[in-house]
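Tertiary structure, described
Next come the chains, spelled out residue by residue.
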Amino acid sequence: MTTQPSTPRTAPRYPEAQNIDPKGDLLDELEAKAPKRALAVFAHPDDAEFTSGGLLALLCSRGWDVNVVVTTSGNKGTKDPEVTPQYLAGIREDEQRAASAILGTHEPVFLGFPDGYVHEDDELRGLLVRQIRLHRPELVITWDGFRPGFNHRDHRNTGRATYDAIFPAADDHLYYVLDKEEGLEPFRPQAMLLAGTRDADYHVDITPVFRTKIKAILAHVSQIHGRTEEDTVKMWEERAQAARESGDENASPYRESFTKVLLRR
Ligand SMILES: [Zn+2]
């Protein structure tokens, strides 16, 4: 038995956007040719701020629509024996909401997996496919799940599941077919920026939003152990100086670095 071939598409698949020129600057190209929509997918409350808070604040300041998905609620990582995971999750979700408001993104979505138990599986991939079809981001920012060497498993699995959600699943209507019932159409972003990467090839000058990034990080009160804005600036400048002295000549707290991935469509 053969299946009935579908009618060939005559309308353009992405009427709102042109394809970007890979030789141009990624953000400039996207701003010129596509709706300014980005989706950040990270594993724990505070991941987005530490790795990409400058980029997200910059996008928001340039009029982008930015959504944030957090696969856990960060319900582990305390030395206090009295704290329950539910209590910690509530605190950390509130902190993430406050941090996202400072950056200027929409309210974050929590997928609710337990901290430390994010699996790279069909369930997570489907939840991410749904977010991509819902928000239709031209740019996705996530963890580099393929970085060699030691990495947190939630970072690795969140990054890989996001990659797999984008290609091929989100743009193929035969994956996760129930999305159709909500009117969610297939979609493929044009680009990814991978954070926490080893071989960065895309650098963002975050000088104009540097203080906004720090304020967003400090909104994660349970994680920053009473540090002030000035303590944070001093610590980052010292770290960057140490990195420069050991060979990383571009290390600077005023830039964020990513691996750029372009997706053809
Ligand atoms: Zn994390």
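Residues numbered from 1 in each chain as written. Predicted model: local features only at pLDDT ≥ 70, side-chain atom pairs only at ≥ 80, totals over all residues.

For the protein chain, the helix and strand inventory stands at 7 helices and 7 strands. Going from N to C terminus, the protein chain has its helices and strands arranged as α-β-α-β-α-β-α-β-α-β-β-α-α-β. Here the protein chain has a C-alpha radius of gyration of 19 Å; the compact-globule value for 265 residues is 18 Å, and the two agree. Considering only C-alpha atoms, the protein chain reaches an extent of 65 × 45 × 35 Å along its principal axes. Split into buried and exposed, the 265 residues of the protein chain put 40% on the buried side. By sequence separation, contacts in the protein chain at least 24 residues apart represent 77% of the contacts at least 6 residues apart. (Helix = DSSP H or I, 4+ residues; strand = E, 2+ residues; numbered from the N terminus. Rg over C-alpha atoms; globule rule 2.2 N^0.38 Å. Buried ≥ 20, exposed ≤ 12 C-beta atoms within 10 Å, placed from the backbone. Contact = placed C-beta atoms within 7 Å.)

Between its first and last C-alpha, helix H2 (residues 47-61) extends 20 Å over 15 residues, near the 21 Å set by a 1.5 Å rise per residue. At Gly-53, H2 shows its strongest bend, of approximately 80°. Burial within H2 is extensive, with 13 of its 15 residues counted as buried. Phi turns positive, to about 85°, at Gly-63, one or two residues after H2. (Expected span 1.5 Å × (residues − 1). Bend = angle between axes of the 7 residues up to and from the residue.)

For the rest of this paragraph, the subject is the sheet that holds strand S3 (residues 109-113). Spatial ordering of the open sheet is given by S3-S2-S1-S4-S5-S7-S6, a layout of 7 strands whose pairing is mixed. Strand pairing shows two members of the sheet lacking a second neighbour, S3 and strand S6 (202-205), which therefore form its edges. Geometrically, the sheet is characterised by an average inter-axis angle of 25° between neighbouring strands, direction not taken into account. The sheet contact formed by strand S4 (residues 139-143) and strand S5 (residues 191-195) spans 5 bridges and is parallel. (Pairing = 2+ DSSP bridges. Axes fitted to C-alpha atoms, helices over the stretch in contact; angles between N-to-C directions.)

Here the focus is unusual backbone geometry. The amide bond that connects Phe-167 to the next residue, Pro-168, takes the cis arrangement and shows omega of 0°. Non-glycine residue Arg-136 carries a positive phi angle of around 50°. Here Arg-136 is to be found in the loop between helix H4 (122-135) and S4. The exposure class of Arg-136 is buried, given the 20 C-beta atoms found within 10 Å.

Another point: helix H6 (residues 210-218). Listing the buried residues of H6 in full gives Thr-212, Lys-213, Ile-214, Ala-216, Ile-217 and Leu-218. Turning to H6, the residues buried within the fold contact H2, helix H3 (85-103) and helix H7 (229-245).

Close contact between H2 and H6 brings their axes to 9 Å; oriented N to C, the two are set at 135°. Taken together, the axes of H2 and H6 are oblique relative to one another. Helix-helix and strand crossings are classified by hand; for H2 and H6 the assignment is right-handed. In contact with Glu-49, Phe-50, Gly-53, Gly-54 and Ala-57 of H2, H6 contributes Phe-210, Thr-212, Lys-213, Ala-216 and Ile-217. When grouped by side-chain class, the residues that make up the contact of H2 with H6 number 5 nonpolar, 3 polar and 2 charged. (Parallel < 35°, antiparallel > 145°, perpendicular 65-115°, else oblique. Left-handed = near helix turned anticlockwise from the far one by under 90°. Nonpolar A, V, L, I, M, F, W, Y, C, P; charged D, E, K, R; others polar.)

Turning our eyes to something else, we now look at the nonpolar core. Within the largest apolar cluster, 55 residues are counted, with the highest numbers of intra-cluster contacts made by Ala-40 and Leu-56. Broken down by element, the residue count for this core peaks at 7 residues, all from H2. Setting aside residues no more than four positions away along its own chain, Ala-40 makes contact with Ala-48, Ser-52, Leu-56, Val-66, Val-68 and Ile-141. (Core = buried A, V, L, I, M, F, W, Y, C linked by C-beta atoms within 7 Å.)

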